[in-house]
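Per-entry structural report
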Amino acid sequence: MKSGGAAALVVASAGALATYDKRQRTLHDLSGLGEGRATVVQIHDPSCPVCRNLKSRTSKVLEGFESVDFRLADITTSEGRKLQEQYRATKTTLLLFDGKGKHVRTVVGLQSIEELAELFRGVFKT
């Protein structure tokens, strides 16, 4: 009986890990900009506590915006650095894009949940 429980735990853990991995790949995938969905891209340094706080707040607020995607431009990767350089952005910056991939707004610094909600409602008209 114990081995059956252990096997179930391994299967459940593997499934959870696969789901987490897929979410992380999606979160870091910048290839979909301009493919029909508005997108918020955070210029992100994973070692930066303020960046992690902004990520958490932005993710939480965007849960209420089903038509807006959230992505991270991780500046420890070449793809993330390239986007950072293209928009001359510092870490802890949000780049807002419309569904056609047009850059419509840049916001720098840690914003409160209320400020983010107001910003996204105004820019994305939801």
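In short, a report on the structure.

**Brief notes about the side chain of Thr-92**
- With respect to the element layout, Thr-92 can be found in the loop between α3 (78–86) and β3 (93–97).
- If we skip the residues at most four places from it in the chain, Thr-92 touches Ile-43, Cys-48, Val-50, Cys-51, Leu-54, Val-107, Val-108, Gly-109 and Leu-110.

**Concerning the sheet that holds strand β2 (residues 68–74)**
- Spatially, β2-β1-β3-β4 is the arrangement adopted by the four strands of the open sheet, whose pairing is mixed. Looking along the sheet, the strands with just one partner apiece sit at the ends: β2 and β4 (103–108). Across the sheet, the axes of successive neighbouring strands diverge by a mean angle of 20°, strand direction being ignored.
- Bridging between strand β1 (residues 38–44) and β3 involves five bridges; their strand directions are antiparallel. The residue bridging Gln-42 from the neighbouring strand is Leu-94, located in β3.
- Each of β1, β2 and β3 touches helix α2 (residues 49–62); the most contacted strand, β1, lies at about 165° to it.
- Contacting β1, β2, β3 and β4, helix α4 (residues 113–124) crosses the sheet at an angle of about 25° to β3.

**Some details on the pattern of salt bridges**
- Here the structure, examined in full by the defined rule, presents three salt bridges.
- Here Asp-69 and Arg-37 are joined by a salt bridge, their closest N and O atoms 2.9 Å apart. With a gap of 32 residues between them, Asp-69 in strand β2 and Arg-37 in the loop between α1 (2–27) and β1 connect regions that are remote in the sequence.
- For Asp-45, the salt bridge identified is with Lys-91, shortest N-O distance 3.7 Å. In this pair, Asp-45 is assigned in the loop between β1 and α2 and Lys-91 in the loop between α3 and β3, connecting sequence segments 46 residues apart.
- A relative accessible area of 12% means that Asp-45 is categorised as buried.

**What about α3?**
- Regarding α3, the residues found buried are Gly-80, Leu-83 and Gln-84. Seen from one end, α3 has its buried residues packed into an arc of 100°, which puts them on one side. The exposed residues of α3 that point more than 90 degrees off its buried face are Ser-78, Lys-82, Glu-85 and Gln-86.
- Those residues of α3 that are buried are in contact with β1, β2 and β3.
- Once α3 ends, the next one or two residues include Arg-88, with phi positive near 50°.

**Considerations on unusual backbone geometry**
- Of note, the phi angle at Arg-88 is positive, near 50°, even though the residue is not glycine.
- Mapping Arg-88 onto the fold places it in the loop between α3 and β3.
- One non-glycine residue, Thr-92, lies in the positive phi region at around 65°.

How each quantity is defined
- Residues numbered from 1 in each chain as written.
- Predicted model: local features only at pLDDT ≥ 70, side-chain atom pairs only at ≥ 80, totals over all residues.
- Heavy atoms only, no water.
- Helix = DSSP H or I, 4+ residues; strand = E, 2+ residues; numbered from the N terminus.
- Contact = heavy atoms within 4.5 Å.
- Pairing = 2+ DSSP bridges.
- Axes fitted to C-alpha atoms, helices over the stretch in contact; angles between N-to-C directions.
- Salt bridge = Lys/Arg side-chain N within 4 Å of Asp/Glu carboxyl O.
- Buried < 20%, exposed > 50% of the residue type's maximum accessible area, 1.4 Å probe, protein only.
- Arc of directions from axis to C-beta.

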